[in-house]
Amino acid sequence: MPPRKPDDGLPAELSQSLASILAALPTQLAVLRPDGRYLYVTPSAIGDPEVRQWIVGKTDAEYGHRRGLPVDVAVRRLNAVRRVARTGEPCSFDESFTARSGETRHYRRMLLPSFASDGEVEYVLGFGTDITEQRHAELAQEQSQRMESVGRLAAGLSHDFNNLLTVIGSICDNLRETLPAGDAQTDVRTMRDAVDRAAQLTRQLLTFSRQTPTARRFVCVHELLRGMTPMLQRLLGEQIRIDLQLDATRTVVKIDDGQLSQVIVNLATNARDAMRGRGTLVVATRNPAWVAGGTVDALTDLELTVRDTGAGMSPSIMARIFEPYFTTNAERSGFGLGLATVYAIVNSNGGTIGVTSQLDHGTVFTIHLPAAAEPPSPTTVERPNIARAITRVETLLVVDDDLGVRVYVARGLRRAGYTVLEASGVDDALHLVRAHEGPLHAVISDITLADGDGHDLVAQLRTLRTPLPAVLMSGYLTPEETATVQDSVLLMAKPFGSAELLAALERIWESAVAG
């Protein structure tokens, strides 16, 4: 690179104001000698004037030792400056490090040579830009893309797994009707209970992986916590003990249960990281006493606390703990979104959340949610003996490309007295109905078929047979999506038992009559 002339045409008035101009630069600027020793830094680079004065004549290695800069970052800076001075070629790089405050910061550095009249590098100009917010946005986008991929995978696995559970559950229901009382019946009931627990796990997986509008309903917090405990134990590891202290008497809140589960999982994950894989996680509930108007009301809120025995937090970190993208966990792929999500969920449901912590004495998150005025009505479905269920003589069409599901759903319906036609897909179903000369009273179809969609199939069938009520099954559905009958179509989440399917048929026929 050719040398620059000493006279660069800078007006005298600007030359006199150069120090003020440099001080006003928003971008960090440092002027260094070829050996890496600082000659000048702007206030945007180092705010403390005493440190700016001290650093003159020092290298990044010395600066890092005083200011707590990681050794590898300081050495990389110093080597980069000396390389630019030696080669005369500019360079740029990004660096990340955890500040003394515990916050991870990200910077983009650019080093440019400044040549003397003889063509030698006289100074190295170092420019720095804080790209922390930009990096957070990039990380959030990467996390979103990863979660989207995980969501698609989870949905596919849930669908396939729920098909298997439907088959197993149907077999259990059929065995209950044929086996005599005794050990074999007990074993079948145990198997059916295991199917129900597995179905709950797939529903939780599906809820966590999807982005759908929330559906608030009455949730018993104690039941949810007990049901989540096995999953939480796997998440936390064997060296962390879970201690449930469930003392609340009013335990029902109105909230999306998937959101509440996410709050608990995020807090548990945060506690696991703070305890470094070993300790105790206490999850407690109570109904705190509030004094209002001279009277004490101990039942207006449900208080949920999550307490760990981890390292605790400093006041400076605790003040920012709910900020989006704020994280002290970058080395373990933290994105700073978990606690921000918890804060948003709690507030959107009319609640509050607070945190207390001491270094080396753990952390306590305290959530208050409005307690429901009335407990929810029981929603569990009692499985009656199929042989005692109301039998009908209607003809039904069962459509599913999974042979096991189709066979065992059809078998359960036949045991209840129905005539059942079976089809493996859209084309097969249309061909079968066109050839069928008798009546057709309802169709039971999977939504996702190898050669089409269950909704489209119902629409096509209704051009051939009308009215035609329908039950559409899917392993992708959550219970909230199966609550109502619309246009004589009921959505049904897999897995289900024969009794649930019989009840669903009754509902669509009642709806059709009422309509």
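Here, every reference points to the structure presented above.
Nothing here was measured: the structure is a model prediction, and the numbers come from that model. (Residues numbered from 1 in each chain as written. Predicted model: local features only at pLDDT ≥ 70, side-chain atom pairs only at ≥ 80, totals over all residues. Heavy atoms only, no water.)

A. Inspection of empty space enclosed by the protein at higher detail. Following the criterion strictly, the structure yields three cavities of 30 Å³ or more and no others. The calculated volume of the largest cavity comes to roughly 50 Å³. Looking at the largest cavity, the residues that line it are S170, Y408, V409, G412, L413, F496, G497, S498 and L501. The set of elements that each furnish at least two residues to the lining of the largest cavity consists of helix 12 (403-415) and helix 15 (498-514). Among the elements that make up the lining of the largest cavity, the one with the highest residue count is helix 12 (four residues). Partitioned by chemical class, the residues of the lining of the largest cavity number five nonpolar, four polar and no charged. (1 Å grid on protein atoms, 1.4 Å probe; cavity = no way out; pocket = protein on both sides within 12 Å on 5 of 7 lines; lining within 4 Å. Points joined across faces, edges and corners; volume = space filled by probe spheres on them. Helix = DSSP H or I, 4+ residues; strand = E, 2+ residues; numbered from the N terminus. Nonpolar A, V, L, I, M, F, W, Y, C, P; charged D, E, K, R; others polar.)

B. Representation of the packing of helix 8 (residues 221-236) against helix 9 (residues 257-275) within the structure. Packing of helix 8 against helix 9 leaves a shortest axis separation of 10 Å and a crossing angle of 40°. Considering the angle they form, helix 8 stands oblique to helix 9. Note on packing geometry: the crossing formed by helix 8 with helix 9 is right-handed. Here helix 8 contributes V221, L224, L225, M228, M231, L232, L235 and L236 to the contact with helix 9, which in turn contributes D257, L260, S261, I264, V265, A268, T269 and R272. (Axes fitted to C-alpha atoms, helices over the stretch in contact; angles between N-to-C directions. Parallel < 35°, antiparallel > 145°, perpendicular 65-115°, else oblique. Left-handed = near helix turned anticlockwise from the far one by under 90°. Contact = heavy atoms within 4.5 Å.)

C. Fine view of the environment of I240. Position of I240 relative to the elements: it lies in strand 7 (residues 240-246). On a C-alpha basis, the gap between I240 and R278 in space is 4.9 Å, while along the polypeptide they are 38 residues apart. Excluding anything up to four places from it in sequence, I240 contacts Q233, R272, M275, G277, R278, G279 and L281.

D. Structural context of the environment of M110. In this structure, M110 sits in strand 4 (residues 104-115). Sequence-wise, M110 and L125 are 15 residues apart; in three dimensions their C-alpha atoms are separated by 8.1 Å. The residues touching M110, leaving out its near neighbours within four places in the chain, are C91, S92, L125, G126 and F127.

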